[in-house]
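Given next are the chains, with one letter for each unit.
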Amino acid sequence: MRRIVFASGKGGTGKTTLTALVARLLADDGRPLVLADCDVEAANLPIALRAEVLSRDPFAGSAKAVIDPAACRGCGACRTVCRFDAIGPAEDFPRSRLFEVDSWACEGCGACVPACSDRAIRMEPSQAGEVMTASTSVGPMAFGRLAAGEDLSGKLVTEVRGRADAIAAERESDLMLIDGPPGVGCPAIAALTGTDLVIAVTEPTVSGEHDLLRLVALARRFNIPVHVVLNKADLSRSGAERLRTRVQTEGLEMLAEIPYDESVARIPELLATGALSAYPDGPALEAVRQVARAVQLS
Ligand code: SF4
Ligand code: SF4
């Protein structure tokens, strides 16, 4: 199976819209595919494609300490061993003589458990998010949602990838399109691992060029080829020229240059709601078709 990641070193480049459009065009051609949205902190592909959730499973986070109020006698011994200042007297202390754990501050180190001679503290697994599967008009999808304040995004991306792999095996699909997270951190590494091609979506700005280079460096560490799509290419002539030169000097392939066109950006949503029956043809859509053709032939 071919796994192709649409990625960008930064957010806001139009990566999700491009993923949705390419998926749409391939599905129109009858190509069975599976989608994975690995941007677990802001999964927008299910929104763009009006996904219908089919299953929802909890994603376990690290364990947190919990104090049993019936067993706590308020001696404070646990507080002295907590290096994260996560334990303190309850609001109505000293009347209640109870201590409690701030679950936001608890790092799950477990040091407080043996410190309590009354065995009033236990470690409990927490829920750090959800892994979901869904159906869309272009094919089945897996995606995740990380709970606010949690930092296990890389692990959750791996869960989403695993779920998408299982769907692909079940459906005997030979193509997976992955909407990657922005940046080059842990979630991006989890999204790129074991894939066959990175389609780097960038824009003609200084930060677009800078972040493209960071993404290329990451992909090269994993020996994954990178093709570039320059989105909103006509917004800065000098920026686009600089990007073209950079792509050439880095030995990358420029897959397509998409001019700015608001009507193309709205296609996935309009199709999903049934408000669009024909594509608004033009240079922007032709450039997107070029990307879809390259994916089809890859
Ligand atoms: S050590 Fe045990 S008994 Fe003492 S305050 Fe902590 S939880 Fe309560
Ligand atoms: S598990 Fe560690 S961080 Fe959490 S309350 Fe206990 S000592 Fe503090």
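All residue numbers here refer to positions counted from 1 along the written sequence of the relevant chain. To read the labels, note that chains go from A and ligands from 1, taken in the order they are written. Since the coordinates come from a predicted model, pLDDT governs what is reported: local features require at least 70, and pairs of side-chain atoms require 80 or more to be given and counted, while whole-chain, interface and lining totals use all residues.

Here we look at the overall build of the chain
Reasoning step 1: A helix here means a DSSP run of H or I that spans at least four residues, while a strand means a run of E at least two residues long, and both kinds are numbered starting from the N terminus. Along the chain, the regular secondary structure elements total 11 helices and 11 strands.
Reasoning step 2: Principal-axis analysis of the C-alpha atoms gives the chain an extent of 75 × 40 × 35 Å.
Reasoning step 3: Considering the chain as a whole, with its 298 residues, one finds that 45% of them fall into the buried category. Residues with at least 20 other C-beta atoms within 10 Å of their own are called buried, those with 12 or fewer are called exposed, and the rest are partly exposed. The C-beta atoms themselves are positioned from the backbone.

Quick look at the environment of Leu 175
Reasoning step 1: Residue placement: Leu 175 occurs in strand S8 (residues 175–182).
Reasoning step 2: Looking at Leu 175, the number of C-beta atoms within 10 Å reads 21, which means it is buried.
Reasoning step 3: Counting along the chain gives 117 residues from Leu 175 to Ala 292, while the straight-line C-alpha distance between them is 12 Å.
Reasoning step 4: Not counting residues within four places of it along the chain, the set of residues in contact with Leu 175 comprises Met 1, Arg 2, Arg 31 and Leu 33. Here, residue contact means that the backbone-derived C-beta atoms of the two residues sit within 7 Å.

Side note on the domain arrangement of the chain
Reasoning step 1: Here the chain is partitioned into domain 1 (2–60 + 129–297) and domain 2 (69–119).
Reasoning step 2: Segment limits for the domains were obtained from an automatic or database-derived domain assignment. Here domain 1 and domain 2 have C-alpha centroids that lie 45 Å from each other.

A look at the pairing of strand S7 (residues 139–146)
Reasoning step 1: Summarising burial for S7: 7 of the 8 residues are buried, a large majority.
Reasoning step 2: Relative to S7, strand S2 (residues 34–37) is paired through 3 bridges, and the arrangement is parallel. What sits directly across from Leu 35, in S7, is Met 141.
Reasoning step 3: The sheet contact formed by strand S6 (residues 121–136) and S7 spans 8 bridges and is antiparallel. Bridged to Met 132 within S7 is Phe 143.
Reasoning step 4: What sits between S6 and S7 in their antiparallel hairpin is a turn of 2 residues. Strands pair, by our definition, only if DSSP identifies at least two bridges between them.

Thoughts on the site of ligand 2
Reasoning step 1: Nearness here is judged by the C-beta atom: place it from the backbone, and if it falls within 6 Å of a molecule or strand, the residue counts as near that partner. Residues in contact with ligand 2 amount to 14 residues; listed here are only the nearest, Ala 65, Cys 82, Cys 106, Cys 109 and Cys 112.
Reasoning step 2: Taken together, the residues of the shell around ligand 2 sort by class into 11 nonpolar, 2 polar and 1 charged. In the scheme used here, Gly and all other residues not listed as nonpolar or charged are polar, with Ala, Val, Leu, Ile, Met, Phe, Trp, Tyr, Cys and Pro taken as nonpolar and Asp, Glu, Lys and Arg as charged.

Notes on the nonpolar core
Reasoning step 1: Within the largest apolar cluster, 77 residues are counted, with the highest numbers of intra-cluster contacts made by Val 22, Leu 177, Ile 199, Ala 200, Val 229, Val 288 and Val 291.
Reasoning step 2: The element best represented in this core is helix H1 (residues 15–28), accounting for 7 residues.
Reasoning step 3: By definition, a nonpolar core groups buried Ala, Val, Leu, Ile, Met, Phe, Trp, Tyr and Cys residues that connect through C-beta atoms lying within 7 Å of each other. Of all hydrophobic cores here, the second largest spans 14 residues; its members include Ile 67, Cys 72, Val 101 and Ile 121.

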